[in-house]
Amino acid sequence: MTTILVTGGAGFIGSNLVKYMLNEYKDYKIINLDLLTYAGNLENLSDLEDTENYKFIKGDITDRELMTRLFSENQIDQVIHLAAESHVDRSITDPEIFIKTNVLGTQVLLDCAKSAWTTGKDEWGYPTFIEGAKFLFVSTDEVYGELGKEGLFTEVTPIAPNSPYATSKASADLLVRAYNKTYKMPVNITRCSNNYGPYQFPEKLIPLMISNAIDHKTLPVYGDGMQIRDWLHVKDHCSAICTVLRAGKDGEVYNIGGNNEKANIDVVKLILSALGKSENLITYVTDRLGHDRRYAIDNTKITNELGWKPSCTFEEGITETIEWYINNANWLKKVRSGEYMNYYTRMYGSREVLNG
Ligand code: NAD
Ligand code: DAU
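Residues numbered from 1 in each chain as written. Chains lettered and ligands numbered in written order. Predicted model: local features only at pLDDT ≥ 70, side-chain atom pairs only at ≥ 80, totals over all residues. Heavy atoms only, no water.

1. Re the pairing of strand β2 (residues 28-34)
Burial analysis of β2 places six of its seven residues in the buried class, the great majority of the element. As paired strands, strand β1 (residues 2-7) and β2 are joined by six bridges and run parallel to one another. Bridge pairing in β2 links L5 to I31. Crossover handedness for the path β1 to helix α1 (residues 12-24) to β2: right-handed. By the bridge criterion, five bridges tie β2 to strand β3 (residues 54-58) in an arrangement that is parallel. Opposite N32, over in β3, you have F56 as the bridge partner. (Buried < 20%, exposed > 50% of the residue type's maximum accessible area, 1.4 Å probe, protein only. Helix = DSSP H or I, 4+ residues; strand = E, 2+ residues; numbered from the N terminus. Pairing = 2+ DSSP bridges. Right-handed = clockwise from strand over helix to strand, strands pointing away.)

Structure, rendered in structure tokens:
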């Protein structure tokens, strides 16, 4: 049995990942550590409450004392680090928490894992690590900044993040790299494109648009809606993370993407058409500050070296996702109440409506 600490396991990707891993592999014990911020929802994992090889711990990755105790009380073999502040718009209005959680939190985890896994020193003074140790950092394609009309991000594209969120992820990503270069700590970094699927918090484009369309509310499209994202179903991201965890070469970075570039406005129109709603619901609003125009991933490395490829087309994935939100209206209703509604007013209340 391999014990894996998953951080941020109550969030969108984390909760899908925990379920995916417990379903696919019988040799994992999973400890899910999550602070349960506005984005963490334990209800996503309510069906795992009685699962023997699963444990939830509420805690903050920036709490060094707690993280030290977590590693000393549990024999953790590997870490998949997802916990983060993840929403670009929030990072524009309140960058500080992004630096604290995403940068300092990652450094605390790296330190605690390094201490717990060190067995001694080699002849050059580098630490030696327990067999099978691995720190997998779930980074993002946003660390590369934006693309023009042509080209794809590869693993050697220079890091040039634009938003406070992307910069905090790039800083954490480079810290993980540094722990490999300086201490030879066994790490992998994955840089994935935009995910969609069940349990995504409805502040992100796809669940927000589905939810507003269901409720017959306006759909706020930033700027001209021609920004391009490379969409990947979350279950394909989960399978890619597991592929890297099991077969990734120590110290390597792997890009993950869906080969599926779409302009925002086309995604929004597709959602409206699938729900049988009018395009009159589309409302063009003031653009996001510093809005990256285009992201697109070159998957060649993970495909050629590890044999992973996406299994789900966007057309299949989006249909399944829309159905999930329709069938889980209660989940959506609960998530959209309280803090989320305050946030919504703060975020959209002051945006000027451009198309009346
Ligand atoms: P999310 O916002 O849905 O979930 C983040 C989780 O982290 C939440 O459960 C939250 O409670 C937890 N968390 C926040 N601060 C914490 C802290 N201090 N201590 C412990 N837990 C804390 O995010 P997501 O969309 O599921 O993304 C997960 C990871 O994947 C993030 O690191 C993100 O940068 C990365 N990523 C996301 C995407 C995407 O499209 N969603 C794409 C590429 C990479
Ligand atoms: O590329 C990976 C990244 O994808 C992850 O690292 C981030 O955690 C994740 O949030 C996501 O970032 P984006 O900014 O691309 O996702 P978001 O869903 O916020 O926005 C997608 C696009 O849709 C973007 O061009 C902004 C636009 N948008 C978004 C919202 C919320 C709108 O036009 N209207 C909206 O209301």
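What follows continues from the structure just given.
2. Digging into the sheet that holds β3
Here we have seven strands laid out as an open sheet, ordered β3-β2-β1-β4-β7-β8-β13, and parallel in their pairing. Across the chains shown, the open sheet's two edge strands, defined by having one partner strand only, are β3 and β13 (253-256). The average angle at which neighbouring strand axes cross in this sheet is 20°, direction not considered. Across the sheet, helix α5 (residues 164-183) touches β7 (134-140) and β8 (187-192), and the angle it forms with β7 is around 155°. (Axes fitted to C-alpha atoms, helices over the stretch in contact; angles between N-to-C directions. Contact = heavy atoms within 4.5 Å.)

3. Points about empty space enclosed by the protein
Counted according to the given criterion, the structure contains two cavities of 30 Å³ or more. What lines the largest cavity is V88, I92, E142, N162, S163, R229, R288, L289, G290, H291, D292 and Y295. When grouped by side-chain class, the residues that make up the lining of the largest cavity number four nonpolar, four polar and four charged. In this structure, the second largest cavity spans a volume of roughly 30 Å³. What lines the second largest cavity is simply Y196, W231, L232, H233, G258, N260, C312, T313 and F314. Its residues assigned to classes, the lining of the second largest cavity shows five nonpolar, four polar and no charged. (1 Å grid on protein atoms, 1.4 Å probe; cavity = no way out; pocket = protein on both sides within 12 Å on 5 of 7 lines; lining within 4 Å. Points joined across faces, edges and corners; volume = space filled by probe spheres on them. Nonpolar A, V, L, I, M, F, W, Y, C, P; charged D, E, K, R; others polar.)

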